[in-house]
Amino acid sequence: RMGYKGEKSYDEKIIEEVEYFIRYSQSLMRPRYIYKDIKIKVGRHVTFNSGETKIESVSLTNHLKGSHRATIFFSTIGFELETESNKAFENKEDLKGLVLDSIGSEAVEALAARVQKNTWERASKEKYSIITRFSPGYGDLNLQSQRVFYNLCEAEKIGIELTEKNYMVPRKSISAIIGWKDG
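Draft legend 1. Inspection of the overall build of the protein chain at higher detail. Summing up its helical and strand segments, the protein chain has 5 helices and 8 strands in all. Along the chain direction, N to C, the helices and strands of the protein chain fall in the order α-β-β-β-α-β-α-α-β-α-β-β-β. When contacts within the protein chain are restricted to residue pairs at least 6 apart in sequence, those whose partners lie at least 24 apart make up 73%. Accessible area for the protein chain stands at about 10,400 Å²; split by element, carbon and sulfur atoms hold 49% of it. Once the 29 positive and 26 negative side-chain charges of the protein chain are each reduced to a mean point, those two points are 8 Å apart.

Next up, the structure:
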């Protein structure tokens, strides 16, 4: 993320600073997630909760084809790291801001991968396989569907809020759906 591709030599002072920020960032993260396993029906659109809720998206319908169940989840590392990164940029501490922001992105992605692994473990016990996660904003799955996922999961319980335009706050948050297929 910082532009080093392996062909450049690293400045020892920068390496020390980055290593410090990595250690420091640990105290700023509050990883949390919430999920809900639900039955779905995939036809012309995806239906949740026995027909109560529908999402129309060709991309999501194609992605979930063959799935009878799904896990919807939200994950976040909280506000603290984001706040510290923003302060660093405001104070013209660009290296600190960039490193903390990058760490936050990697950390929330790792948390989402852990949720996917936990989903796979639950699904496997019930003789299902899973497909990769799919998030609002992918393909034609618009951000309005994020509100549907949010309400189904009750994501406010882990401190995530949605803006009027359905962006997540804190920014270092991920939402997705994972389909479950037979065997």
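Anyway, onward from the coordinates.
Draft legend 2. Expanded view of helix H1 (residues 12-26). The terminal C-alpha atoms of H1 lie 22 Å apart, and with 15 residues this matches the ideal 21 Å at 1.5 Å per residue to within 8%. Of the surrounding secondary structure, the elements contacted by the buried residues of H1 are helix H3 (80-90) and helix H4 (94-125).

Draft legend 3. Focus on the sheet that holds strand E1 (residues 32-42). Ordered by their spatial adjacency, 6 strands build an open sheet running E3-E2-E1-E4-E8-E5, and the pairing between neighbours is antiparallel. A strand with exactly one partner marks an edge of an open sheet, and here the two such strands are strand E3 (53-55) and strand E5 (128-130). Here the strands of the sheet are splayed against their neighbours by 35 degrees on average, with no regard to which way each runs. Here strand E2 (residues 46-48) runs beside E3; their pairing, made up of 3 bridges, is antiparallel. Looking at the pairing, threonine 47 lines up with lysine 54 of E3.

Rules used throughout
Residues numbered from 1 in each chain as written. Predicted model: local features only at pLDDT ≥ 70, side-chain atom pairs only at ≥ 80, totals over all residues. Heavy atoms only, no water. Helix = DSSP H or I, 4+ residues; strand = E, 2+ residues; numbered from the N terminus. Contact = heavy atoms within 4.5 Å. Areas by Shrake-Rupley, 256 points an atom, 1.4 Å probe, with all protein chains shown as cover. Lys, Arg positive; Asp, Glu negative; His and termini not counted. Charge placed at Lys NZ, Arg CZ, Asp CG, Glu CD. Expected span 1.5 Å × (residues − 1). Pairing = 2+ DSSP bridges. Axes fitted to C-alpha atoms, helices over the stretch in contact; angles between N-to-C directions.

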